[in-house]
Amino acid sequence: MYRAIRAVAYEPDPDFGPWQEDLHVLRLGDVLHEELMHRQERSSGCGRPRLPVARLHSLLRAWAPGVLAAARHAGVDGRLPWLYAREPVPRQVLAPLIGTWADATFGDEDEVVNLEQELQAGGEAAALALPEWETERVDFAETVVSSGGTAEPLPRLYRLLPEAVAFRLAGAPFRAGGNSLRFRVVSSGTGGVDLVSWPPLRYEHRKQTWYYSARLTVTVQTVPFAERFRVHVATGVRRWATRLDVPRWKLGGATVLLDTPLPWPEGPDRGYRLMVNTLGYDWSSKEVDWKRRSPALLLSDLDIARRFPEPEELFTSPEKWLQGCQDVAAGIVYHPVLGPHEVGAGLMPRERAGLDEWIEQRLSPVLRRVADLSRVTRRNTPSLLPRSSKKAEPGSREVQQALARRTALIRALGGRPLDVELLWQSPQTRDALLTALPKVIGLAPGSRTDGDNTTSWEAGGVRVVVRSRPAGELASALQLSRDRRRRPAVRLAEAITERCAQVAESDDRTHDGVSLVIAEIAGKSRFSSVPDSDPKHALRLAYGRQGRLTQFINLPEPGTAALEHRANWAWLDAFRQLGAISPPAHRAGAGIPGDLQYAALWLVRHTKDGPTRSPARRLVAVRVRAGNDSGMVEGWDAGRAEWVPYPSMLLSLVNAGGRASTDLERDIRTVLFQLRDRPTLLLVNSGNLRQCWPRLCNGALTRDMLAFGTGPEQRLTTYGDDLRMVLVRDDNGRGEVPEWYAHDELAKIGFSEGVWAPSGDLYNRVFASTTGTPPAAARPKGLMKLAPAAGGRTAPGTTAWNPRLLEVTVLGCRTSEQAADHPVEWATLTHQLRYHDDYPPLAYPLPLHLAQLAKEYVLPLAPAGSGRAAW
């Protein structure tokens, strides 16, 4: 058993002191800013608050040697800092870049020529001359500490520091096993920075060459109550597409990285960057083109001597350009929609450890690796059923699991029968579901009636009736209007409404008790030819309006899991929707109250790219009661202002339609005051809920205090004497928690489950929760992807599964001397709630898992006649 884990994270080294560098800063200037705003207003016909500088910034980062980063609010005010650079960029470099960008953006070539000439001229005679570069000493380790004790970098460091770290890493090769990898910087301008090894590595398999690179992602992060901020470096594999198995019109937007030589004299950091572009189908021209402010559109005007890839040629011959044409190369970043790829995703822990050592060397002495985390408990799991028992024995694991499921189902049904309508397309799926049900809950085979279309079971206090019939047209693709002048959300809403009418017409209204529909539908790939035609959400909405839950199972297809396995999971997921699930008894410690209840909050956020193409914001609250009420799962019904059974809460989300609260923080306080009747553990994903509760940001946190809006901080006990609150945080798509690996004194590298914390900190409130590698994801030791090692094996085709770290912050607990809590016990309890006999370890504690999955029932529809598309 490993005793320590290591995070791939770094912090300012206090022994080194300030990390200061003299950077050169350029401001756009009031005169030039006003001129550009004037031209923008004239070209667009309306005034906008800021200049569209994203494409210009991408161009400057790639083609202006020395430019480190662009300021976040550049384009808003000419007096604000605009560019940060290691060396002043000459006027003869900046002028054509700005002029060409203005030409493409504002579309008046005659004026832009004058603008470029003015910028080139400089001096007092030029009215539009760029201001002079200024020198500013920047401390890359400059920190402010919040009132709650959390160290935060200055805001500009979120952009500057990842770039500075990336260039330190790109300045020397990573050597492993005799191979040498050099990294190129890929900046998106959003705060994080990628590095990819270049040129790509090759993998020969099935008479074809597959290309891939090592990938690093650098971000700046904070940790609650930590005295120093962090730099996280995530590791992985970047795969490159060598053929596009997709019709042109389905290419929504593929990322293309361009490697182009600079047409200017030598400069600092020359050749370290790759230029980010987007390739996609243009519906107006009916051809593949550069999209979304891609700087590639401007290259031929800036360098007429070189040949750059045309979009159509890049689409048809991606491997040719990946290998390079003369001194220009382009790589299309692989995505599964482009077809198969024989290189597996992810890196093995030993290679991550090797990269971590190299990164530590490159960042020393300005940054140091954060301290290892030590195991704080040996109680890694709750009271789970033993895995070593014979299936035929009465007390076997399978028998006990079935009994526990049936008990939970009886409690959830409350004496009512369970009515199931099974809509099938293949007889094999129908039979598999009917065979799986009695096994899952430990019943004898059911009796069939009504020409074998109805099967029922009744035993041990539960009655289940399953009525089977062909799905027919209900499971077919939605029929959407082809009028592309109308908004996609409106066309989809009309198609969903039509399917809802079909469902209502087919309803025989013979169902009673608790009603569930299990529908067999095709997988997503079957509906990919017509966007938004998947009927899944339409069926869920239609049956939800009838007060019926829905569960789906896909048609048997090559490459899918065994039908028996999928049928078992369909029933388990259906039981979860019924609230027939309960957390196992914990082993966290004696300090946990016996009558504890769990509560979880989740903010459902749908954008215009959501399941119904309509935005939505809904607060979901779930309550799970332990002790004598073990397994009682409820949800908060905002319309009725009361706790209701979990399935009733799910259906209330469907029937809420487009209605949404205008004050989500008030709704949160309302829920908190409904939890005062017994000891409560409140579980919140801070990365999710801070979207509507900004005082959950790390810099706003204070131990044992809560605050809303602009109001003052209040003791947690204001909302209940026995309330405890734990914040969990995952990657959140932004590298908010670090990658990790376990290690020991014998240099063994791997993964380990457990609860971890810094050693020797008696007042620690921040822990790490990790799970092990599931048996299905286990890989032979010694596999390497990036470089062969002595006695090792290279396996680019192997997918590396890496368990994620979950940050656990005990924000609030009892601190009185007479009855003080031990934060480690509450962190251990939160960790143990990720385990259940029926599931592999969950990403979140079970109550939070249930709250998150409620988003499946948030399906708002655009109102009829809500406008045409704006192109």
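Note: the structure precedes this text.
Described in the following lines is the structure provided in the data block. Predicted model only: the values in this text are computed from it and were never measured.

1. Description of the overall build of the protein
Piece 1. Counting its regular elements, the protein contains 19 helices and 42 strands.
Piece 2. For 871 residues, the compact-globule estimate of 2.2 N^0.38 gives 29 Å, and the protein sits close to it at 29 Å.
Piece 3. If you line up the protein on its principal axes, its C-alpha atoms span 90 × 65 × 60 Å.
Piece 4. Every one of the 871 residues in the protein was classed for burial, and the buried ones make up 55%.
Piece 5. In the protein, the proportion of contacts linking residues at least 24 apart, taken out of those at least 6 apart, comes to 72%.
Piece 6. By element, 49% of the accessible surface of the protein is carried by carbon and sulfur atoms, the whole surface being about 37,900 Å².
Piece 7. Averaging the locations of the 110 positively and 100 negatively charged side chains of the protein gives two centres separated by 5 Å.

2. Examining the layout of surface pockets
Piece 1. Of the pockets and cavities examined, the second largest pocket occupies roughly 1,100 Å³.
Piece 2. Around the second largest pocket, the lining is made up of 33 residues, and of these Arg-387, Arg-397, Gln-401, Asp-837 and Asp-838 lie nearest the centre.
Piece 3. Every element with two or more residues in the lining of the second largest pocket is listed here: α10 (397–413), α11 (427–441) and α14 (563–577).
Piece 4. Here the lining of the second largest pocket gets 6 residues from one element, more than from any other, and that element is α14.

3. So, the packing of aromatic side chains
Piece 1. Overall, the coordinates contain 16 aromatic pairs when judged by the stated rule.
Piece 2. With centroids separated by 5.5 Å and ring planes inclined at 80°, the aromatic side chains of Trp-198 and Trp-240 adopt a geometry described as edge-to-face. With Trp-198 in the loop between β12 (193–197) and β13 (201–205) and Trp-240 in strand β15 (residues 230–240), this residue pair connects regions lying 42 residues apart in the sequence. Both residues of the pair, Trp-198 and Trp-240, count as buried.
Piece 3. Ring pairing ties together the aromatic residues Phe-673, Trp-693, Phe-708 and Tyr-719, which thus form one cluster.
Piece 4. The aromatic ring of Trp-424 is capped on one face by Arg-430, whose charged end is 4.7 Å from the ring centroid.
Piece 5. In this structure, Arg-669 is placed above the aromatic ring of Phe-708, and the distance from its NZ or CZ to the ring centre is 5.1 Å.

4. Here's the deal with the state of the cysteines
Piece 1. Under the defined criterion, the tally for this structure stands at 0 disulfides.
Piece 2. A disulfide-free cysteine, Cys-697 has its sulfur positioned 11 Å from the sulfur of Cys-692, the nearest such atom.
Piece 3. Note on Cys-697: relative accessible area 33%, which makes it partly exposed.

5. Considering the sheet that holds strand β3 (residues 20–27)
Piece 1. One open sheet holds the 4 strands; their spatial order is β4-β5-β3-β6, and the pairing between them is antiparallel. The outermost strands of the open sheet, each flanked by one partner alone, are β4 (67–70) and β6 (134–139). The average angle at which neighbouring strand axes cross in this sheet is 40°, direction not considered.
Piece 2. With 3 bridges connecting them, β4 and strand β5 (residues 81–85) associate as antiparallel partners. Of the residues in β5, the one forming a bridge with Val-67 is Ala-85.
Piece 3. Across the sheet, helix α5 (residues 157–170) is in contact with β3, β4, β5 and β6; its angle to β4 comes to roughly 155°.

6. Topic: the packing of α10 against α11
Piece 1. Packing of α10 against α11 leaves a shortest axis separation of 6 Å and a crossing angle of 95°. The orientation of α10 with respect to α11, classified from their angle, is roughly perpendicular. Across the interface between the two elements, Ala-402, Arg-405, Arg-406 and Leu-409 from α10 touch Lys-439, Val-440 and Ile-441 from α11.
Piece 2. Along the lines of polarity and charge, the residues of the contact of α10 with α11 split into 4 nonpolar, no polar and 3 charged.

7. Some thoughts on the side chain of Thr-612
Piece 1. Mapped onto the fold, Thr-612 is located in the loop between β28 (597–606) and β29 (616–625).
Piece 2. Reaching out from Thr-612, the side chain makes a polar contact with the backbone oxygen of Pro-860 at a distance of 2.5 Å.

Thresholds applied
Residues numbered from 1 in each chain as written. Predicted model: local features only at pLDDT ≥ 70, side-chain atom pairs only at ≥ 80, totals over all residues. Heavy atoms only, no water. Helix = DSSP H or I, 4+ residues; strand = E, 2+ residues; numbered from the N terminus. Rg over C-alpha atoms; globule rule 2.2 N^0.38 Å. Buried < 20%, exposed > 50% of the residue type's maximum accessible area, 1.4 Å probe, protein only. Contact = heavy atoms within 4.5 Å. Areas by Shrake-Rupley, 256 points an atom, 1.4 Å probe, with all protein chains shown as cover. Lys, Arg positive; Asp, Glu negative; His and termini not counted. Charge placed at Lys NZ, Arg CZ, Asp CG, Glu CD. 1 Å grid on protein atoms, 1.4 Å probe; cavity = no way out; pocket = protein on both sides within 12 Å on 5 of 7 lines; lining within 4 Å. Points joined across faces, edges and corners; volume = space filled by probe spheres on them. Phe/Tyr/Trp six-rings, centres within 6.5 Å; stacked < 30°, edge-to-face > 60°. Lys NZ or Arg CZ within 6 Å of the ring centre and 35° of its normal. Disulfide = S-S within 2.5 Å. Pairing = 2+ DSSP bridges. Axes fitted to C-alpha atoms, helices over the stretch in contact; angles between N-to-C directions. Parallel < 35°, antiparallel > 145°, perpendicular 65-115°, else oblique. Nonpolar A, V, L, I, M, F, W, Y, C, P; charged D, E, K, R; others polar. Polar contact = N/O pair within 3.5 Å; in protein donor to acceptor, adjacent residues only side chain to side chain.

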